[in-house]
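# Coordinate analysis (summary)
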Amino acid sequence: MRSLDHLFEHSSRSLARRTSRRSLLASLGQLLTGAALLPLLPVDRGGRAWASDAKSGGPETCEYWKYCAIDGFLCSCCGGTSSSCPPGTASSPITWIGTCHNPGDGRDYIVSYNDCCGKTSCGNCECNRNEREKPVYRPSRNNDLNWCMANADSNYHCTVSVILGVAEK
Amino acid sequence: MGCLMRSAPLRSAATLCLTLSVLAHAAPPPLPAEHLTVQQLPPKSPHWVYVYDEAFNNEIDARVHLFDGDSYRRLGQIDAGFTPSVNLSPDGATTVVATTYFARGSRGARTDVVEFTDNTTLAVTGEIVLPPKRVETAPSLFNIAYSPDGHFLYVAYLTPAASFGVLDPAHGKVLGEIDTAGCVLVIPSGPNRVSSICESGRLLTVTLDTQGHEAARALSEPFFDPDRDPVFVQGIPTTRGYAFLSFLGEVHEVDLSGTRPAFAQPWSLVSPAEQGRWRPGADQVGAIHRALGRLYVPMHQGGEGTHKDGGTEIWVFDMPSHRRLASWPVQAAGLSRVLAVQVSQDPAPILFAASNAADVAVFDALSGKLRHVEKHLGQTPWMMLNP
């Protein structure tokens, strides 16, 4: 799990280093290509302390295992699901990656925290968990950023947690 | 008033009732006509505090509340749009808000703009339109910041390419943009220096020329370990720079008075026995009374991943000696966890503490005595500023 963390962290760090102003277009191209293969970097904004020691729960609860580092409103409570955006919103092409432990099967999973964009904040089921979350100088690990930032409409609505695969140890 | 009484023995009571009835109808005199006015702010006080309210449940409608820590009155409001960056000018005369508006309210074309509010009237007096790049993140003093002389205004950009804008507030112009090679935020020092925090734990310091263009840049040595013990980006102003607290409770004092940052030997908020159990955690994770050298930190018991959990206690430190002076349990005062603290800089200071229930408590900053709890001061008060 830790090595995979580092793998994704490294790729995201490299992305951040590459995305200088002068190379913005090239970097965005890489970003979108990367997004097609693997939703990158996610986010969320700062917030209240919530369920930092949560163990489990359903997709409409902050305690749900996939939400171990989510900071935002759960799309499951806003017309979407834990892996789909609500109707009428647009998913963020960039995001950030975390690793969460599923107590149901004992496996660790790589998850992508994507924001859903284009409507104002849902305001329902706020969730703030921060396992292995890092400040904004490490954006690949940060959930305070608005990851709708690169969308045509950058308004933030809610956040999903999408399973990308098993984190092999 | 019903006073109908037919029996003789009750005549005196009836008379009394009638008298009271007449008096009731005769008094009080009518209220005078009123004249509609707009309230003027009183002279500013060191006990004012500007409360950043993200309005997270309806995020396009953030605002800044001006609150008086003596009268406990809400004095007014500054509108702040979507996920704003907020700061005060060095003289405290201006509140500056960098924000985003959408053409159709919650949707449509994005406009990023810096708005200037006169703090004597709370009226917006000017604006500068930005490129649509400003960082949209949790509040800190380094999302937007003036140079200490007020000549330049710096705005952090993240698209996610990292850079910052240099603005001329006197002439309402964007002077340029400086690429920061992945380092983020704008920490001002001197008349023309801007430092950004890098993921390697270093500071990148860019020196500007008189036109606001890059003249030089230098990368410091690492001053913290971002893997083992990252620092919060919510630096706290000291007399010569800023103090950055780490997740585990180390205090990193950075002296920015020279051309290059100087890093003091870190010291710890916690004893060896407390390390890993007690730690700082909040959105605004500390406040310093600079003349007294006192540091106030929301602390809680918790492990990895609890760095945004608010404090159940406020710990008070003497910065020169690194000695802990007090621990004030806020929950004993009826508060929920503290997410932001600020202290006034006058000789009779008060400590403001904003909770995750959106209450703002007012403490005597010397004794810890709770003076007042202002309930629901906004929706999500995550940062507080004072002149």
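Residues numbered from 1 in each chain as written. Chains lettered and ligands numbered in written order. Predicted model: local features only at pLDDT ≥ 70, side-chain atom pairs only at ≥ 80, totals over all residues.

### Some details on the overall build of chain B
Counting secondary structure elements, chain B contains one helix and 29 strands. If you line up chain B on its principal axes, its C-alpha atoms span 100 × 55 × 40 Å. Classification of the 387 residues of chain B by burial places 48% in the buried group. Taking the contacts inside chain B whose residues are at least 6 apart along the sequence as the reference set, 42% of them involve residues at least 24 apart. (Helix = DSSP H or I, 4+ residues; strand = E, 2+ residues; numbered from the N terminus. Buried ≥ 20, exposed ≤ 12 C-beta atoms within 10 Å, placed from the backbone. Contact = placed C-beta atoms within 7 Å.)

### Details of the nonpolar core
Of all hydrophobic cores here, the largest spans 136 residues; its most connected members are Val51, Tyr154, Val155, Ala156, Ile314, Phe352 and Ala353 of chain B. Apart from the residues lying within four places of it in its own chain, the contact partners of Tyr154 of chain B are Ile144, Ala145, Phe164, Gly165, Val166, Val186, Pro188 and Val194 of chain B. (Core = buried A, V, L, I, M, F, W, Y, C linked by C-beta atoms within 7 Å.)

### Quick notes on the confidence of the model for chain B
All names here are of chain B. Looking at chain B as a whole, the pLDDT averages 94, with 94% of positions reaching at least 70. Overall, residues 1–6 carries pLDDT values under 50, and its contacts beyond four positions in sequence, including any with other chains, amount to nine contacts. Interface confidence for the predicted complex, given as ipTM, is 0.90, next to a pTM of 0.87. (pLDDT = per-residue confidence, 0-100.)

### Describing the environment of His101 of chain A
All names here are of chain A. Locating His101 in the fold gives a position in strand β3 (residues 96–102). For the pair His101 and Ala167, spaced 66 residues apart in sequence, the C-alpha to C-alpha distance is 9.3 Å. Not counting the four nearest positions on each side in its chain, His101 is found in contact with Trp65 and Asp108.

### Some details on the interface of chain A and chain B
Across the boundary between the two partners, chain A contributes 43 residues, which contact 46 residues of chain B. Breaking the side of chain A that touches chain B down by element, the ones donating at least two residues are α1 (2–18) and α2 (24–37) of chain A. The biggest single contributor to the side of chain A that touches chain B is α1 of chain A, with three residues. Residues that form the side of chain A that touches chain B fall into these classes: 13 nonpolar, 15 polar and 15 charged. (Nonpolar A, V, L, I, M, F, W, Y, C, P; charged D, E, K, R; others polar.)

### Here we look at the sheet that holds strand β13 (residues 203–208) of chain B
All names here are of chain B. Strand order in the open sheet formed by four strands is β11-β12-β13-β14, and the pairing between neighbours is antiparallel. Of all strands in the sheet, those with a lone pairing partner are β11 (184–189) and β14 (214–219), marking the two edges. Strand-to-strand twist across the sheet, computed as the mean angle between neighbouring axes with direction ignored, equals 25°. Two strands pair when backbone bridges link them, and strand β12 (residues 193–197) and β13 are joined in this way by five bridges, in the antiparallel orientation. Considered in β13, the bridge of Val194 is made with Val206. (Pairing = 2+ DSSP bridges. Axes fitted to C-alpha atoms, helices over the stretch in contact; angles between N-to-C directions.)

### Focus: the pairing of β3 of chain A
Along any regular strand the residues' side chains alternate between the sheet's two faces. All names here are of chain A. Across seven bridges, the pairing between β3 and strand β4 (residues 107–117) is antiparallel. Opposite Thr99, over in β4, you have Ile110 as the bridge partner. In sequence, β3 turns back onto β4 through a hairpin of four residues, with Gly106 there showing a positive phi of about 75°.

### Considering the sheet that holds strand β7 (residues 144–146) of chain B
Residues and elements named next belong to chain B. Read across the open sheet, the four strands follow the order β7-β8-β9-β10; overall the sheet is antiparallel. Where the open sheet ends on each side, the last strands, each with one partner, are β7 and β10 (173–179). Across this sheet, the average inter-strand angle for adjacent strands is 25°, counted without regard to direction. Inspection of the sheet shows β7 paired to strand β8 (residues 153–158) by three bridges, in the antiparallel sense. From the neighbouring strand, Ala145 faces β8, where its bridge partner is Tyr154.

### Describing the environment of Ile350 of chain B
Here Ile350 of chain B is to be found in strand β26 (residues 350–355). According to the C-beta neighbour criterion, Ile350 of chain B is buried, with 21 such atoms within 10 Å.

### Some details on the environment of Ala282 of chain B
All names here are of chain B. When you line up the elements, Ala282 lands in the loop between β20 (278–280) and β21 (287–289). Separated by 29 residues in the primary sequence, Ala282 and Gly311 place their C-alpha atoms 6.8 Å from one another. Once residues within four sequence positions are removed from consideration, Ala282 is found in contact with Pro298, Gly310, Gly311, Val338, Leu339 and Ala340.

### Some thoughts on the pairing of strand β4 (residues 94–102) of chain B
Residues and elements named next belong to chain B. Of all nine residues in β4, seven are buried, a share of seventy percent or more. As judged from the five bridges shared by strand β3 (residues 74–88) and β4, these two strands associate in the antiparallel manner. Within β4, the position partnered with Leu88 by the bridge is Thr95. Between β3 and β4, which pair antiparallel one after the other, the connecting turn spans five residues, and Gly92 there sits at a positive phi close to 75°. In terms of strand pairing, β4 meets strand β5 (residues 110–118) through nine bridges, oriented antiparallel. Its bridge partner being in β5, Val97 is matched across the sheet by Glu115.

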